[in-house]
Number of protein chains: 4
Amino acid sequence: MQRIGVLTGGGDCPGLNCVIRAITKTVMTEYGATVVGVEDGFEGLVDGRMRELGNSDVSGIISLGGTILGTSNKGDPWHFPVTGADQSVTITDASAQAMAHYRQWELDCLVAVGGDGTMNIAGKLAGLGANLVGVPKTIDNDLAATDLTFGHETAVAVATEAIDRLHTTASSHHRVMVIEVMGRYAGWIALRAGLGGGADIILIPEIPFTWEGVFRKVLSRSRHGKRFSIVCVAEGAKLPEGGEVVKAYDSKRTDAKQLGGVGAFVAQRITEGTGLETRVTVLGHLLRGGSPVPSDRVLATRFGVLAGHLAAQRRYGLMAALHGSRVEPVPIKDAIAGLKLVTRDDELVQVAKSVGTSFGEV
Amino acid sequence: MQRIGVLTGGGDCPGLNCVIRAITKTVMTEYGATVVGVEDGFEGLVDGRMRELGNSDVSGIISLGGTILGTSNKGDPWHFPVTGADQSVTITDASAQAMAHYRQWELDCLVAVGGDGTMNIAGKLAGLGANLVGVPKTIDNDLAATDLTFGHETAVAVATEAIDRLHTTASSHHRVMVIEVMGRYAGWIALRAGLGGGADIILIPEIPFTWEGVFRKVLSRSRHGKRFSIVCVAEGAKLPEGGEVVKAYDSKRTDAKQLGGVGAFVAQRITEGTGLETRVTVLGHLLRGGSPVPSDRVLATRFGVLAGHLAAQRRYGLMAALHGSRVEPVPIKDAIAGLKLVTRDDELVQVAKSVGTSFGEV
Amino acid sequence: MQRIGVLTGGGDCPGLNCVIRAITKTVMTEYGATVVGVEDGFEGLVDGRMRELGNSDVSGIISLGGTILGTSNKGDPWHFPVTGADQSVTITDASAQAMAHYRQWELDCLVAVGGDGTMNIAGKLAGLGANLVGVPKTIDNDLAATDLTFGHETAVAVATEAIDRLHTTASSHHRVMVIEVMGRYAGWIALRAGLGGGADIILIPEIPFTWEGVFRKVLSRSRHGKRFSIVCVAEGAKLPEGGEVVKAYDSKRTDAKQLGGVGAFVAQRITEGTGLETRVTVLGHLLRGGSPVPSDRVLATRFGVLAGHLAAQRRYGLMAALHGSRVEPVPIKDAIAGLKLVTRDDELVQVAKSVGTSFGEV
Amino acid sequence: MQRIGVLTGGGDCPGLNCVIRAITKTVMTEYGATVVGVEDGFEGLVDGRMRELGNSDVSGIISLGGTILGTSNKGDPWHFPVTGADQSVTITDASAQAMAHYRQWELDCLVAVGGDGTMNIAGKLAGLGANLVGVPKTIDNDLAATDLTFGHETAVAVATEAIDRLHTTASSHHRVMVIEVMGRYAGWIALRAGLGGGADIILIPEIPFTWEGVFRKVLSRSRHGKRFSIVCVAEGAKLPEGGEVVKAYDSKRTDAKQLGGVGAFVAQRITEGTGLETRVTVLGHLLRGGSPVPSDRVLATRFGVLAGHLAAQRRYGLMAALHGSRVEPVPIKDAIAGLKLVTRDDELVQVAKSVGTSFGEV
């Protein structure tokens, strides 16, 4: 009887529990295999925090946000933090310990659900003899190997609902509403939510904007009798003047030019540049939490089922991916090769422009 | 300056307003064309109930369910009902009248948003000299020409949320919950909502079920200590004994073997066959109403923008369709040729079975 | 150290987990008492299915629908069904067994969360020496002793959201939409949801309606150019012709005059009486499921905290109730004395009439 | 035939459209009066931007956020900004102009929907001969004259849903999540949302907190194996060190000690004081937007209906208020006398403490 491990790594993402459930049900029912859950990503593999999962563990979790296994973005076995008796932290190579637990639990294979960080570690563990199967996870949907990742549509839905709410209050006053969403490198969340929410201006990392472009759109709407404008900003949008705007609470970034986040900064500049009142909303981790929307549940379940089949059929080194309307395996190492960024000639950008949305360009 | 008409035909569908908005904004802004909205589908074309649409008509409607133009499924110009002075209804050929209004309003083209009924009429109007562009619309997502239609994901979302609610109350008692959703010929809504909601049994028109198969799944769960089962039934699911179950309120169907709808009938038979308590919920037109989910808004906007470009560029006889991740034009007449039904070897069916869902087969 | 039992009886109701959590946290933290959860209402007390509850059992359940303890409406210890070896069911008096488990688990007190059935049994157990504290529970909000019960607002919210959805699709067509909600004896859900959703007609058990009254309102709206009407019907609304309409799936009610439920029947009669198309939606147990709305969570928590204090302070025979904006104890036996029904001169009825809602009166 | 004016003043608030609809329907249907809507609060009265409202204006707006009349918080007729030809702004007394429009439109009475600012102006207009009726409006629910105001429950619901989302992602990582909600003087939103969402720490203006109290609670949870803490902060929470934290985008407040808002500041201090990772979410104007929850729609409709009756019956100088479960008139001038703040011995505060919530006290 095979023994198949599962872990979830990196940031939180709606749909992780659907994946865990799908893997568990598939390998238990169709192959009679045993599933071993690893807690808190690779951190739990190093620490040996693992447990067998049964039907009752995965029952009813399809609609649940978060991950029942926990996750961590600190658990790289090759750079593992160990706290000494004097509370000082030393970084050590704990990869042998991770492999020891892999062998002690007699795993035939480990299914790693995560982003590029997780997949890189997975690749290194494979080099030490572990068998790996992957499930891609990125709320930003910026992985070149798959058309879509689960969690993304949920994030877009939360952001769009927020824009809907801001619309009603914006249209009661004469105001500019700025909403900041996730997206450090890729602007897909801002683009889709801006398009679905009918934002007037969308600012994303991939398309440099100018203050003149932003002010002109806002003022042009005002002149045409529109009572308000909605600006949807990705947290990674690049300022015209260069430099970076970091969050007020990110106490380590003392070098940063401005505290408060890019949304607050954009709002401040619009007030200065147009004389209009502005308000800002920062969605932050709201986008990562809560129950996955149905399409994310279905996609996550499809990924999990395929990963379960791959693991049980010993087709290692592969990862689930969506191509068109098909879920297919791709090599893990290819998968993490390329980022999928928004381009100026992307159909969605063109569509947004056709309905009058500005990207703040001159 | 071109003049482009828009009408929405057939049943209601979340996203229609996104299409109307996208067409209007695209042809006004990018081509300087004038948009003429036709009220209540082809009925309004026959009656000449038409009006010019401006920016303020389509502002803020992206999140709005329904259609600002109204729709109708009675307006076939070739079989048009006319009510006489004595209240008697005569069916007449009003196609010439429809064409007269088309010409009187100096339309260069008419964009018809609708299902196969609407597209058939569009084809016949083209035969009389009208220029047509199409946008496909089916909440059931059963059109072969496009991978996805807008409105479908919203319907799936409403149904999934209902299943989520039933789960919590089902698990507090020992009960079988039956939920009936739309889908007269195609089971996509039941399949996706059942998969996303974690239904235990899914009954759809395309996969014949047996009472034994249904009872066995329910009883097997009960024996394994599960306190409940959720059964998701498409309204068009075919009974093992043949025949059809119609709604109690459908007073014209006196031939029908049983009143109350298929959901109520399935619930009754499960009670008889297993001795377990059952409850039924009939979602009915809830699936067609309300604000479209963001992914439907984005898809509907993409369809509308393409239709706007096609109309303004005089590329008539074409319809917007989604292939993979691209929105492309396809000939209208090809588009309505084939239905896309669920098949037993569809990946979604296989995935559902891998996570333990039964289709009531023996 | 005191030992305090908790059970949830009767139908499901959003907010039960908030009550369980509040009782547990209050008596553990403030009194150092132990909490014993009883499974499936009084059924679990007879069977001795009980377990100690700790902090981890009640952590994170505030937003969870249903009840982690399970419930049952079959567990009256004085009429307890016992299944024999031949599968025949005998009704026995199992009250001594219930008391034996009460004593075996060394309970100082039992907090019973439930409706009048549950409170009646609680009163009889008190007669055998058990100490009882009560928390009222009725989704219909029909208990005279308290201004409001938890779960009611959630049911109203689900029903209102459904009416919102029907509005958009109703207004796209010319149609009458009938929606059936819970309320066998009291019409509060239909009244509040109808008022909040802007229903045109509200039919409730307490206000007899006539078909003429219903038809007149529908036709009058139609004549004034309104494209649709929304009718919100409580399942217990009394037909003008007398008799009762039962659900199609309620197979035991062969005496009933009509299958399909009152909603379907009303829809059918409106079609016959006005010639307008009708559609029906039956919400059924959707109203009892899902996450409680915030105001229900707060009220349920307030009830649970007070019940915890009453139990730990040995103030037995009392029940939590809301009077104005205060939560106060009332004697259990008074509490179950009277039903709170809608009256014709209730402010809500008058308000509904002032905004144009009809109750189907002549 | 009487002519009754309606205006909405001050900040946006879900339920305003329910009030407008209820007043309009009540006075038109029951008294045959004419309703005149004033745009953008008192600004529109000064400018004479007014229009008659009919049935079609208020049809379908019950579920709509915002206000169809628009609002403004700049429109005090006694300090009215006038922009000169050189773009300079002069403050003038425009009260005579406001009264002139009141008389020109032949108003018998004006119904003012708003907060204390609006009611003060209303009182001054009454001094000039206008007849006034009031409907109280404060999303913070801090008016002593009424037990509850509409909009408040919607704000609590949005904040609670956000806390729910943060819970799932917080519990996947080891993290402290800080959420900042509205409430400059009164902490009711933070208190109710914190209670309903199960926040671990609630910081409000009325209860001074200490950093030690906050750190202790967070660290104590961490020691007991809890993976996360949720901190719900009202924007007006007072820092232990005195001073005020203002928003980063509030460019005029150069005197402020710290940019970024109180939520970001609290998060930063928790990171410094406990070494734990923190994340912050700022809900901002999300709380004021979107469709009102059903209980707010019902309350707003009750207020509007009473205001309509008062106006039509010439019972001037009165305002609708909720006392217990009754909606009653109170004198406007009494109504704006007192604020209703949270006190330490409020039942809700005691309940929150009983379920383990900390207010950051030592």
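Up top is the structure these notes are about.
Bear in mind the structure is a predicted one, so any value in this text is a computation, not a measurement.

When helices and strands are tallied, chain A shows twelve helices and 13 strands. Over its C-alpha atoms chain A spans a radius of gyration of 22 Å, differing by no more than 12% from the 21 Å that the globule rule assigns to 362 residues. Across its three principal directions, the C-alpha atoms of chain A cover 70 × 50 × 35 Å. Looking at chain A residue by residue over its 362 residues, the buried ones come to 63%.

The biggest cluster of nonpolar side chains holds 492 residues, and the ones touching the most others in it are V111 of chain A, V111 of chain B, V111 of chain C together with V111 of chain D. Every residue in contact with V111 of chain B, bar those within four places of it in the chain, is listed here: I4, G5, V6, I23, V133, V135, A307 and A311 of chain B.

With that out of the way, let us pick up the interface of chain D and chain C. Every contact between the two is made by 38 residues of chain D and, on the other side, 38 residues of chain C. Taken together, the elements giving at least two residues each to the side of chain D that touches chain C come down to α1 (16–31), α6 (152–172), α7 (188–197), α10 (294–312), β13 (326–331) and α12 (347–354) of chain D.

Looking now at the relation of the copies chain D and chain A. Placing chain D over chain A gives an RMSD of 0.0 Å and needs a rotation angle of 180°, together with 0.0 Å of translation along the axis. Put plainly, the chains are arranged around a two-fold axis.

For the match of chain D to chain C, the screw axis carries a shift of 0.0 Å, the RMSD comes to 0.0 Å, and the turn is 180°. The fraction of interface residues of chain D whose copies in chain C are also interface residues reaches 100%, indicating that both copies meet through the same surface.

Here we come to helix α4 (residues 95–104) of chain A. Residue and element names in this part refer to chain A. Taken as a whole, α4 has its buried residues at S95, A98 and Y102. Buried positions in α4, seen along its axis, are confined to an arc of 60° and lie on one side of it. Counted as exposed and oriented over 90 degrees from the buried face of α4: A96, R103 and Q104. Buried positions along α4 lie against α2 (42–47), β6 (109–114) and α5 (116–127). Directly after α4, the chain includes E106, whose backbone phi takes a positive value near 55°.

Turning our eyes to something else, we now look at the interface of chain D and chain A. Listed as interface residues are 40 residues of chain D and, on the opposing side, 40 residues of chain A. Those elements that provide at least two residues to the side of chain D that touches chain A are α6, α9 (261–274) and β11 (278–282) of chain D. With eight residues, the top contributor of residues to the side of chain D that touches chain A is α6 of chain D. Here the side of chain D that touches chain A is built from residues that sort into twelve nonpolar, 21 polar and seven charged.

What follows covers helix α1 (residues 16–31) of chain B. All names here are of chain B. The terminal C-alpha atoms of α1, which comprises 16 residues, lie 22 Å apart, in line with the 22 Å expected from a rise of 1.5 Å per residue. Burial runs high along α1: 13 of the 16 residues are buried. In the stretch just after α1, G32 is the one whose phi turns positive, near 65°.

This part is about the pairing of strand β7 (residues 132–136) of chain D. Residues and elements named next belong to chain D. Burial analysis of β7 places five of its five residues in the buried class, which makes it a mostly covered element. Side-chain alternation along β7 places L132, G134 and P136 on one buried face and V133 and V135 on a second face that is also buried. Bridge count for strand β6 (residues 109–114) against β7 is five bridges, and the pairing is parallel. Within the sheet, the bridge partner assigned to V111 lies in β7 and is V133. Between β6 and its parallel partner β7, the chain crosses via helix α5 (residues 116–127), and the hand of that crossover is right-handed.

What counts, and where the lines are drawn
Counting from 1, residues in each chain are numbered in the order their sequence is written. Starting at A for chains and at 1 for ligands, labels are handed out in the order in which the entities are written. Side-chain atom pairs in this predicted model are given and counted only at pLDDT of 80 or more, local residue features only at pLDDT of at least 70, and totals for whole chains, interfaces and linings cover all residues. What counts as a helix is a DSSP run of H or I of at least four residues, what counts as a strand is a run of E of at least two, and both are numbered from the N terminus. Our radius of gyration is a C-alpha quantity, and the globule rule it is checked against amounts to 2.2 Å times the number of residues to the power 0.38. Burial in this document is a count-based property: other C-beta atoms within 10 Å of a residue's C-beta are tallied, and the residue is buried at 20 or more, exposed at 12 or fewer, or partly exposed in between, with C-beta positions derived from the backbone. Definition of nonpolar core: a set of buried Ala, Val, Leu, Ile, Met, Phe, Trp, Tyr and Cys residues joined via C-beta atoms within 7 Å. Each residue gets a C-beta atom placed from its backbone, and two residues are in contact if those atoms lie within 7 Å. For the least-squares superposition of copies, only C-alpha atoms count, and only for residues with pLDDT at least 70 in both. It is the directions from the helix axis to the C-beta atoms that the arc portrays. All residues other than Ala, Val, Leu, Ile, Met, Phe, Trp, Tyr, Cys, Pro, Asp, Glu, Lys and Arg, Gly among them, are scored as polar; the first ten of these are nonpolar and the last four charged. Under the convention used throughout, the expected extent of a helix is 1.5 Å for every residue step, that is, one less than its residue count. Note on pairing: two strands pair once DSSP finds at least 2 bridges between them. Crossovers are marked right-handed if the path from the first strand over the helix to the second runs clockwise, as seen with the strands pointing away from the viewer.

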